[in-house]
Amino acid sequence: MRINHEITTFVHVKTSIRMKVFYCLLYTVFYLLSLLPLRVHYFISDILYYLLYYVVRYRVRVVRQNLATSFPEKSEAERRRIEKDFYNFFCDYLVESVKLLSIKKETIRKRLVFKNIEEINRCIEEGQSCAVYLGHYGCWEWVTSLPLWVTPKAQCGQIYHPIENKAFDRLFLRLRQHLGSVSIPMNETLRKLLEYKKANQPVIIGYISDQKPLWVNIHHWVDFLNHDTPVLTGAERIVKKFGHAAFYGEMRRVRRGYYEMEMKLITREPQALPDYELTDAYYRFLEESIRREPGLWLWSHKRWARTREEFNRRFEVVDGKVIEKKQA
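Criteria and thresholds
Starting afresh in each chain, residues are numbered from 1 along the sequence in its written order. Local features in this predicted model are restricted to residues whose pLDDT is 70 or higher, and side-chain atom pairs enter the listing and the counts only when it is 80 or higher, whereas totals over whole chains, interfaces and linings include all residues. For side-chain calculations, the full set of non-hydrogen atoms in the structure is used, while hydrogens and water are omitted. Two strands make a pair as long as DSSP finds a minimum of two bridges between them. For the purposes of this entry, the term helix denotes a DSSP run of H or I that reaches at least four residues, the term strand denotes a run of E that reaches at least two, and both are numbered from the N terminus. Axis lines are fitted through C-alpha atoms, for helices just across the contact stretch, and the angle between N-to-C directions can take any value from 0 to 180 degrees. We call two residues in contact whenever any of their non-hydrogen atoms come within 4.5 Å of each other. In this scheme, roughly parallel covers angles under 35 degrees and roughly antiparallel covers those over 145, while 65 to 115 is roughly perpendicular and the rest are oblique. Note on convention: the crossing is left-handed when the near helix lies turned anticlockwise from the far helix by less than a right angle, right-handed when the turn is clockwise. Residues were grouped as follows: Ala, Val, Leu, Ile, Met, Phe, Trp, Tyr, Cys and Pro as nonpolar; Asp, Glu, Lys and Arg as charged; and all remaining residues, including Gly, as polar. The nonpolar core is taken to be a set of buried Ala, Val, Leu, Ile, Met, Phe, Trp, Tyr and Cys residues, with the residues joined through side-chain atoms within 4.5 Å. When a residue's accessible area, from a 1.4 Å probe over protein chains only, is under 20% of the maximum for its type it is buried; when over 50% it is exposed; and in between it is partly exposed. What qualifies as a polar contact is a pair of N or O atoms within 3.5 Å, subject to a donor-acceptor requirement within protein and to the restriction that residues adjacent in sequence count only when both atoms come from side chains.

Draft legend 1. How the structure looks around the sheet that holds strand 9 (residues 258–267). Spatially, 7 strands are ordered 1-9-8-2-5-3-4 in an open sheet, and the strand pairing comes out mixed. Looking at which strands have only one partner, the edges of the open sheet turn out to be strand 1 (112–115) and strand 4 (182–185). Each neighbouring strand pair of the sheet contributes to a mean axis angle of 30°, computed without reference to strand direction. Packed on one face of the sheet, helix 7 (residues 166–176) meets strand 3 (155–160) and strand 4 and runs near 150° to strand 3.

Written out as structure tokens, the structure reads:
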């Protein structure tokens with residue numbers, strides 16, 4: 001038993017050392033790339049576009065299917081234009097995310113301008129923390145520059161799902177926290193928010209809530225982009241529990257490499273809303289953004305892989321919990 005324990009310990013140590021070395025190499029490469037001027041990044045993005053779209057054909061079938069079912073009223077030519085716009089933008093998003101690793105504060109302030117920040121600051125000054133609903137729309141990684149715009153009394157943060165690869169997870173944490181925001185693992189959200197509340201620390205927390213939920217987390221469906229769509233409702237429950245003011249961050253691309261985000265107040269009294277009305281409002285805002293400039297949304301994920309028919313066939317709700325039906 002002792003020998004087995006020592007062998008296991010040795011393997012863990014060796015794996016840990018290997019992961020640390022990999023992270024150091026990964027960080028060095030990404031950091032050096034981030035030092036390149038943005039005009040060089042966009043040149044790289046143009047090359048990536050042709051590789052991903054014309055050579056690799058990265059998830060083209062998924063993107064094409066999503067666009068066909070979301071915009072049946074558009075012609076094939078119109079949807080193909082959106083498809084190309086998406087791949088162009090997606091490659092820009094990749095290089096813009098890398099640039100975030102070393103970007104200067106004055107540069108990011110010019111390239112992402114936040115509007116209606118005074119409404120957020122007013123909430124903080126009056127002792128109310130804020131929640132900002134976001135989507136995988138526009139350069140969402142750059143939203144971590146919000147601390148440069150709001151009152152220093154608030155701690156900005158974002159809820160995230162840890163990446164399985166430890167080295168990449170550590171790299172993205174470094175990237176997302178570079179400008180003063182903190183990243184909170186999804187399964188630690190309640191604990192961290194309770195800590196902030198006990199310390200009387202006001203917070204501004206971002207929730208990217210347009211992901212596909214697990215089957216057991218499906219409690220609500222919305223009509224979204226011509227689909228009967230299962231949605232995450234955890235953000236709404238947290239916002240109501242803590243009484244945070246709820247905003248929608250509406251992002252627009254002014255031109256390549258330049259964005260604006262307007263903070264649109266949804267409500268300062270979330271507890272007064274009926275169940276799921278806050279979530280419904282978020283999806284209405286998000287669909288408006290997508291229909292305005294559809295190429296900026298992440299069309300490459302399989303957003304509609306879960307259907308209500310399959311849910312009803314396989315699951316049931318008992319005392320508010322989703323459980324799998326027993327097989328006959």
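Okay, back to it.
Draft legend 2. Structural detail: the pairing of strand 6 (residues 221–224). In this sheet, strand 7 (residues 227–230) lies alongside strand 6 in antiparallel orientation, the contact comprising 4 bridges. Bridge pairing in strand 7 places Trp 221 opposite Pro 230. Taking the residues that link successive antiparallel strands as the turn, the strand 6-strand 7 hairpin has 2 residues, and the phi of Leu 225 there is positive, at about 50°.

Draft legend 3. Representation of the environment of Ala 68. Mapping Ala 68 onto the fold places it in helix 3 (residues 60–70). Considered as a pair, Ala 68 and Leu 179 are 111 residues apart in the sequence and their alpha carbons are 39 Å apart.

Draft legend 4. How the structure looks around the packing of helix 2 (residues 38–56) against helix 4 (residues 76–99). At their nearest, the axes of helix 2 and helix 4 sit 8 Å apart, and the two run at 135° to each other. Considering their axes alone, helix 2 and helix 4 lie oblique with respect to each other. The hand of the helix 2/helix 4 crossing is right-handed. Touching Leu 38, His 41, Tyr 42, Ile 44, Ser 45, Leu 48, Tyr 49, Leu 52, Tyr 53 and Tyr 54 of helix 2 are Arg 80, Glu 83, Lys 84, Tyr 87, Asn 88, Phe 90, Cys 91, Asp 92, Val 95, Glu 96, Val 98 and Lys 99, all from helix 4. Of the residues contributing to the contact of helix 2 with helix 4, the split by class is 13 nonpolar, 3 polar and 6 charged.

Draft legend 5. Summary view of the nonpolar core. The biggest cluster of nonpolar side chains holds 82 residues, and the ones touching the most others in it are Ile 204, Phe 224, Met 263, Ile 290, Trp 297 and Trp 299. Take this core: its biggest share by element is 8 residues, from helix 4. Dropping the residues within four chain positions of it, Trp 297 is found in contact with Phe 86, His 136, Tyr 137, Asp 210, Phe 224, Leu 225, Leu 286, Ile 290, Arg 303 and Trp 304. Counting 6 residues, the second largest nonpolar core, distinct from the first, contains Ile 218, Phe 311, Phe 315 and Val 322.

Draft legend 6. Region of the structure containing the environment of Tyr 283. Position of Tyr 283 relative to the elements: it lies in helix 10 (residues 277–292). With a relative accessible area of 2%, Tyr 283 lands in the buried category. C-alpha of Tyr 283 to C-alpha of Leu 225: the two residues are 58 residues apart in sequence and 9.5 Å apart in space. When residues no more than four places from it in sequence are discounted, the contact partners of Tyr 283 are Ser 209, Asp 210, Val 222, Phe 224, Val 231 and Arg 303. A distance of 2.9 Å separates a polar side-chain atom of Tyr 283 from the backbone oxygen of Ser 209.

Draft legend 7. Up close: the pairing of strand 9. When strand 1 meets strand 9, the two strands line up parallel, connected through 4 bridges. Across the sheet, residue Phe 114 finds its bridge partner in strand 9, namely Met 261. Examined bridge by bridge, strand 8 (residues 245–255) and strand 9 share 9 bridges and lie antiparallel to one another. Across the sheet, residue Arg 252 finds its bridge partner in strand 9, namely Glu 260. Connecting strand 8 to the next strand, strand 9, in antiparallel fashion are 2 residues, including Gly 257 with a positive phi near 85°.

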